[in-house]
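# Structural features, examined
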Amino acid sequence: MAPTDATYAITGASGRLGGRIARRLAATGIAQTLLARTPSRAPQLPGAVAVPGAYDDHEALVAALRGTDRVLMVSASESPDRLQDHRTFIDAATRAGVAHLVYISFYGAAPDATFTLARDHWHTEQHIRAAGIPFTFLRDNLYADFMPALVGADGAIRGPAGDGSAALIAQDDIADAAVAVLRDPRPHAGHTYELTGPEALTLTEVARTLTAIGGRPVTYVPETIEEAYVSRAGYGAPDWQLDAWVSTYTAIADGSLATVTTAVEDLTGHRATSLDEVLRAGADGSSTA
């Protein structure tokens, strides 16, 4: 089936990653359905139609996905109900007869992953497998694009990451990989791809790169796990969210996020983008966000 003959549905199009993917598809002339909790927030793209598609609304999802060939499932917003929302979406996709589901998972997803949210991704993957829908899992590492957000007002990145490293990935690379799979899913059916950048960086190296490009000094200040919980307690976040925040750093510390893969280049034909390149593109406004 040629790409122009297939039908596409994209979730999360009002967000950074889903929006990147939707815009890439639109740029190649592909019509698509954009599922959104609030359709008016979806981007206005040629050939795109926005429809209601909240992950907890089974009937609306069935109606939106009925008979769709290729569906991108971006993970739902972090919440205590996220896994149940994912299951609702998958069950709706199954009932609607979706032909291939591309799920944006997380690097190293496992039931006992150090990063607590990666456990939800693993359970989501298992539900997709059990549903019997042809699938591809794209497991992305930590976003290189979000590294500036780790910096506090005092110019410090604080967390219990020790000397561990993470193979940070550009959101543009994830989008390119997703589009490659969506446009030709058959060779990728049943495959899981661990998506990373070209190198694994410690937070000291991240701070050094942010300093070089951002024009203000940034440092990494290691914390103990206990200090990390105390320093974040003032935000009033629930326990599950505090665990997620802290375990982002402990997953770096124990090497869970350190292995570099060639998956981006294998899927897209271009090399993975470095943190330096991501930051420079953002600084000069050339990012495709």
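What this report covers is the structure whose coordinates are included nearby.

What counts, and at which threshold
- Within each chain, residue numbers correspond to sequence positions counted from 1 in written order.
- With the structure being a predicted model, the display of local features is reserved for residues of pLDDT at least 70 and the display and counting of side-chain atom pairs for 80 or more, all residues being used for whole-chain, interface and lining totals.
- For side-chain calculations, the full set of non-hydrogen atoms in the structure is used, while hydrogens and water are omitted.
- Secondary structure follows DSSP: runs of H or I at least 4 residues long count as helices, runs of E at least 2 residues long count as strands, and numbering of each begins at the N terminus.
- We call two residues in contact when some of their heavy atoms are within 4.5 Å.
- Think of each axis as a best-fit line through the C-alpha atoms, taken over the contacting stretch in the case of a helix, with angles from 0 to 180 degrees between the N-to-C directions.
- Put simply, angles under 35 degrees are roughly parallel, angles over 145 are roughly antiparallel, angles from 65 to 115 are roughly perpendicular, and the rest are oblique.
- Put simply, a crossing is left-handed when the front helix is turned counterclockwise from the back one by less than a right angle, and right-handed when it is turned clockwise.
- Amino acids outside the nonpolar list (Ala, Val, Leu, Ile, Met, Phe, Trp, Tyr, Cys, Pro) and the charged list (Asp, Glu, Lys, Arg) are all regarded as polar, and Gly is one of them.
- Any helix carries an expected span of 1.5 Å times its number of residues minus one.
- Each residue is placed in one exposure class: buried if its accessible area under a 1.4 Å probe, protein chains only, is under 20% of its type's maximum, exposed if it is over 50%, and partly exposed if it falls in between.
- Working definition: rings of Phe, Tyr and Trp (its six-membered ring) pair if their centres are within 6.5 Å, and the pair is stacked with planes under 30 degrees apart, edge-to-face with planes over 60 apart, and tilted otherwise.
- The pairing criterion is simple: DSSP has to find at least two bridges between the two strands.
- Note on definitions: salt bridges are taken to be side-chain nitrogens of Lys or Arg within 4 Å of carboxyl oxygens of Asp or Glu.

## Details of the environment of L203
Relative to the assigned elements, L203 resides in helix α6 (residues 203-214). Distance from L203 to L150, taken between C-alpha atoms, is 9.9 Å for residues 53 residues apart in sequence. If sequence neighbours within four positions are ignored, L203 has contacts with I157, A161, G164, Y220, Y249 and I252.

## Quick word on the packing of helix α3 (residues 82-96) against helix α4 (residues 116-131)
The N-to-C vectors of α3 and α4 enclose an angle of 20°; their axes lie 10 Å apart at closest approach. As summarised for this structure, α3 and α4 are arranged roughly parallel, according to the angle between their axes. With respect to the hand of their crossing, α3 and α4 are arranged in right-handed fashion. The residues of α4 that touch α3, namely those facing R82, L83, H86, R87, I90, D91 and T94, are L117, D120, H121, H123, T124, H127, I128 and A131. Of the residues contributing to the contact of α3 with α4, the split by class is five nonpolar, six polar and four charged.

## Remarks on α3
With 15 residues, α3 should cover 21 Å at 1.5 Å per step; its first-to-last C-alpha distance of 21 Å lies within 8% of that length. Of the positions making up α3, those classed as buried are R82, L83, D85, H86, T88, F89, I90, A92, A93 and A96. Buried residues along α3 sit against β1 (8-11), β2 (32-36), α2 (58-65), β4 (70-73), β5 (100-106) and α4. Just beyond α3, the residue with positive phi is G97, at close to 80°.

## Focus: the packing of aromatic side chains
Aromatic ring pairs: the centre-centre distance and the angle between the two ring planes describe each pair. Counting across every chain of the model gives six aromatic pairs. When the ring of Y55 is compared with that of F89, the centres are 4.7 Å apart and the planes differ by 40°; the resulting orientation is tilted. With Y55 in the loop between β3 (48-52) and α2 and F89 in helix α3, the pair connects residues that are 34 residues apart, well separated along the chain. This pair shows no difference in class: Y55 is buried, exactly as F89 is. Judged by centre distance (5.0 Å) and plane angle (80°), the ring pair of Y143 and F146 falls under edge-to-face. The exposure class of F146 is partly exposed, given its relative accessible area of 32%.

## Comments concerning the sheet that holds β3
The strand order β3-β2-β1-β4-β5-β6-β9 describes an open sheet built from seven strands, whose pairing is parallel. Each having just a single partner strand, β3 and β9 (191-195) make up the two edges of the open sheet. The mean inter-strand angle of the sheet, taken between neighbouring strand axes irrespective of direction, is 20°. Here strand β6 (residues 135-140) pairs with β9 via five bridges, running parallel. Paired with T136 across the two strands is H191, which belongs to β9. Against the sheet, helix α1 (residues 16-27) touches β1, β2, β4, β5 and β6, its axis set at about 155° to β1. Set on the sheet, α3 makes contact with β1, β2, β4 and β5; between it and β4 the angle comes to about 175°.

## Let's talk about the environment of S105
Inspection of the secondary structure puts S105 in strand β5. Given a relative accessible area of 1%, S105 falls into the buried group. It is 4.4 Å that separates the C-alpha atoms of S105 and R139, two residues lying 34 residues apart in sequence. Beyond its immediate chain neighbours, meaning those up to four positions away, S105 contacts H121, E125, L138, R139 and D140.

## What about the pattern of salt bridges?
Here the structure, examined in full by the defined rule, presents twelve salt bridges. As a salt-bridge pair, R20 and D172 come within 2.7 Å of each other at their nearest N and O atoms. Placement of the pair is R20 in helix α1 and D172 in helix α5 (residues 171-183), with a sequence separation of 152 residues. Its relative accessible area of 19% is what places D172 among the buried residues. R37 is the salt-bridge partner of D56, the closest N and O atoms lying 3.7 Å from each other. Taken together, the residues span a long stretch of sequence, with D56 in the loop between β3 and α2 and R37 in the loop between β2 and β3 at a distance of 19 residues. Overall, D56 belongs to the partly exposed group, its relative accessible area being 47%. A cluster of three or more residues bridged by salt bridges with shared partners is formed by R20, R24, D145, D172 and D176.

Take it as geometry only, folks, not as evidence of what the structure does.
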